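Now for the letters of each chain:
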Amino acid sequence: METDIFYNQKDVAEAYLRFRPKYSEEVAKVVLEYLRNQQDNPDATKKFDFMVDVGCGSGQATDLLSAHFNKIVGVDICEEQIRLATEQNTHQHITYLVGKAEELNVAEQSVDLITCGSSIHWSDLPKFFDEVKRVLKPSGCFTEFGYWFSEVHPVGDKNDDLIKVTNDLLAKLIYLGPNHDAEREKQVRGSVYGDHFYQSIPFTKTKHKSLILTKIWSIDQLRGFFRSSAKYHELLKRKKSIREWFADVLLDNQDDYNLLEALIKKVERIWDLKPEHETKLQVKFEVNIFLFTKKGT
Ligand SMILES: C[S@@+](CC[C@H](N)C(=O)[O-])C[C@H]1O[C@@H](n2cnc3c(N)ncnc32)[C@H](O)[C@@H]1O
């Protein structure tokens, strides 16, 4: 599928696979419990038929529930993502396909669960929701989840003021950029969209659950995370203004600056880190999970 989407670039797809977190067992548990309740299927040994993971990337959320489904398909518009997902795949009942959220190549009323891990904001929503309605079984469910940094600090060195400074810096870099917008900031920190968006989704019984995902990262992993971020790359294109917005991060007289390296240096300065010590960071993400059922719509 021809696409010039950022995630189709080979180096970005490789950085995505290497540096993006996978979701935790806890996320799987919340989703599964909801699905079992909606489908009146409390028997934990009984498998569901079919799950589709939309905007699956290289499979960050696709095998989350692999033990509970007979068949799982991961769909992504980018060939590079699907190539890497297929290379990593160790499950015979999981297949990765290039395809669009808005035109799922899946039979009507055949799917028990559709998942969207950090991907819903990429699709044409009315078209995607029509597809979700078409392919879900009458008691099928749909879930959307995403994450944002909630705490970054060196392992064993926790200081709330510095955590806030670090968090503000990371948020500024990825999402807020130039036109600092308080509403946008609130939305981004909570989830991809604000509450009004989730209320407008044409499915019933919405439920929201927040969890914390903790990872131990090297500084290089933090660097890699930003390299895999579409928002960061968008920001870089607006070169001229970067000087202004990030004056507090960039060093003076730097003509050919590298924003990412400046950011990393700033994080090292905030925490007084010595690069040669190979400090480990404790990185906590807040994962917001939204759950919907087709029942009653
Ligand atoms: C931020 S990544 C999320 C990847 C993975 N699900 C995760 O949780 O990390 C968003 C993915 O959505 C895919 N995508 C964007 N637009 C799409 C569309 N219209 N249909 C299907 N996938 C799409 C991108 O190629 C990208 O791999």
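The structure reproduced in this document is the subject of the present report. Not measured: the values here are computed from a predicted model. (Residues numbered from 1 in each chain as written. Predicted model: local features only at pLDDT ≥ 70, side-chain atom pairs only at ≥ 80, totals over all residues.)

This part is about helix 1 (residues 10-19). Among the residues of helix 1, those classed as buried are Val-12, Ala-13 and Tyr-16. Each buried residue of helix 1 lies within a common arc of 100° when the element is viewed along its axis, so the set occupies one face. Helix 1 presents Lys-10 and Asp-11 as exposed residues on the side facing more than 90 degrees away from its buried surface. In the core, the buried residues of helix 1 are packed alongside helix 3 (79-88). (Buried ≥ 20, exposed ≤ 12 C-beta atoms within 10 Å, placed from the backbone. Helix = DSSP H or I, 4+ residues; strand = E, 2+ residues; numbered from the N terminus. Arc of directions from axis to C-beta. Contact = placed C-beta atoms within 7 Å.)

In space, the 7 strands of this open sheet follow the order 3-2-1-4-5-7-6, with mixed pairing throughout. Only two strands of the sheet have a single neighbouring strand rather than two, namely strand 3 (94-98) and strand 6 (204-218). When the angles between neighbouring strand axes are averaged without regard to direction, this sheet yields 20°. Sitting on the sheet, helix 3 is in contact with strand 2 (69-76) and strand 3, with an inclination near 165° to strand 3. Most of the contacts of helix 8 (residues 219-227) go to strand 6, to which it runs at about 135°, and overall it touches strand 6 and strand 7 (280-293). (Pairing = 2+ DSSP bridges. Axes fitted to C-alpha atoms, helices over the stretch in contact; angles between N-to-C directions.)

Here Asp-40, not a glycine, exhibits a phi torsion of approximately 55°, which is positive. Assessed through the 7 C-beta atoms surrounding it within 10 Å, Asp-40 is described here as exposed.

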